[in-house]
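# Coordinates in review
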Amino acid sequence: MTCIAGILLMLMPAEQAFWSLVSIINKYLPGYFSPGMPAVQLDCRVIDSLVCNIDPKIGEFLKRNEMEATYYAIEWLQCAYTLTLPRKTVLRIWDMFLCEGVKVLIKAGVTLILLAFSDKKVRKTCDSLEKALEYLKYKLPQHLLEEEIFVNKLISLNISEEQFKVAHFAQLARLER
C-alpha cells in the first residue's frame, strides 16, 4: 500500500494522494490488504492459470519447478508493480489499470512471466525454484521491462473477458474446496 501511496505522492498533493489511495484500494483492490489477502491470493492463481493456457511450455516449466505465482506475484499485485518495473512502465500500466481495473494487473503479471521465461535457454538454466525466483527478481534483462516492449507485449495478449471469468471462477472454486 505504501508503494502505491509513494507514486501518488509524486504525482499530486498529499490530500489528493490520500483520497486517490482510498479510492484505488476500495474500488480496484478490495481484499488485497485484508487478513489472509484472499483477493490477491485468488489473482495469483489466476495468473498461474492464464500463463498455463497461453504458453503451455512455460506453464510446464513453472509446474516442474513448483513455482506458484504466490511466491512472486503478491508483491507485484499489492504494490501495483512499483517495486518491479521502471517508473515509465508503471505509469502506463496504471493508466490502463485505472480505466480497466485489476485485470490489467493480472495481465501485467502474465506478461512479466512470459517475457521472463520465453527463452528456452533461460528455462533450462533456471532448473530449480530458487534459480527461477532469483532470475525473476534479480537477473531479468532490464530491456524487457522498458515501457515500449513491456506494454506492447501486455496489449498484444489476447485474453478475453470470458477467459478472465473462466480462470477466476475456476480458481475461486479451487480455493473454496
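Structure: see above.
What you see is a predicted model, and the numbers here were worked out from it, not measured in a lab. (Residues numbered from 1 in each chain as written. Predicted model: local features only at pLDDT ≥ 70, side-chain atom pairs only at ≥ 80, totals over all residues. Heavy atoms only, no water.)

On to the packing of helix α6 (residues 87-100) against helix α7 (residues 103-117). Contact geometry for α6 and α7: axes closest at 7 Å, N-to-C directions at 140 degrees. Taken together, the axis directions place α6 and α7 in an arrangement best described as oblique. Of the residues in α7, those in contact with Ile 93, Met 96, Phe 97 and Glu 100 of α6 are Lys 103, Val 104, Leu 105 and Ala 108. Per-class residue counts for the contact of α6 with α7 are six nonpolar, no polar and two charged. (Axes fitted to C-alpha atoms, helices over the stretch in contact; angles between N-to-C directions. Helix = DSSP H or I, 4+ residues; strand = E, 2+ residues; numbered from the N terminus. Parallel < 35°, antiparallel > 145°, perpendicular 65-115°, else oblique. Contact = heavy atoms within 4.5 Å. Nonpolar A, V, L, I, M, F, W, Y, C, P; charged D, E, K, R; others polar.)

This paragraph deals with the packing of aromatic side chains. Inspection of every chain in the model, using the stated rule, returns six aromatic pairs. A centroid spacing of 5.0 Å and a plane angle of 50 degrees characterise the contact between Tyr 28 and Phe 97, whose relative ring orientation is tilted. Pair noted here: Tyr 28 is in helix α2 (residues 14-28) and Phe 97 is in helix α6, with a separation of 69 residues, a long-range link. Assigned by exposure class, Tyr 28 and Phe 97 land together as buried. Put simply, the rings of Phe 61, Phe 117 and Tyr 135 pair up and form one aromatic cluster. (Phe/Tyr/Trp six-rings, centres within 6.5 Å; stacked < 30°, edge-to-face > 60°. Buried < 20%, exposed > 50% of the residue type's maximum accessible area, 1.4 Å probe, protein only.)

Moving on, we come to helix α1 (residues 2-11). Note on helix geometry: an α-helix contains 3.6 residues per turn, so any two residues three or four positions apart are oriented the same way. All of the buried residues along α1 are Cys 3, Ile 4, Ala 5, Ile 7 and Leu 8. Buried residues along α1 sit against α2, α5 (73-78) and α6.

Attention now moves to the layout of surface pockets. Each pocket or cavity is described by its volume, and for the largest pocket that value is around 330 Å³. Taken together, 14 residues make up the lining of the largest pocket; nearest its centre are Asp 48, Lys 63, Met 67, Glu 68 and Arg 174. Considering each element in turn, the lining of the largest pocket owes the most residues, five residues, to helix α3 (residues 38-54). Classifying every residue of the lining of the largest pocket gives three nonpolar, five polar and six charged. Reported here for the second largest pocket is a volume of approximately 280 Å³. Around the second largest pocket, the lining is made up of 15 residues, and of these Glu 75, Trp 76, Thr 84, Leu 136 and Lys 137 lie nearest the centre. Elements supplying a minimum of two residues to the lining of the second largest pocket: α5 and α9 (129-139). Top element by residues in the lining of the second largest pocket is α9. It accounts for five residues. In the lining of the second largest pocket, the residues fall into ten nonpolar, two polar and three charged. (1 Å grid on protein atoms, 1.4 Å probe; cavity = no way out; pocket = protein on both sides within 12 Å on 5 of 7 lines; lining within 4 Å. Points joined across faces, edges and corners; volume = space filled by probe spheres on them.)

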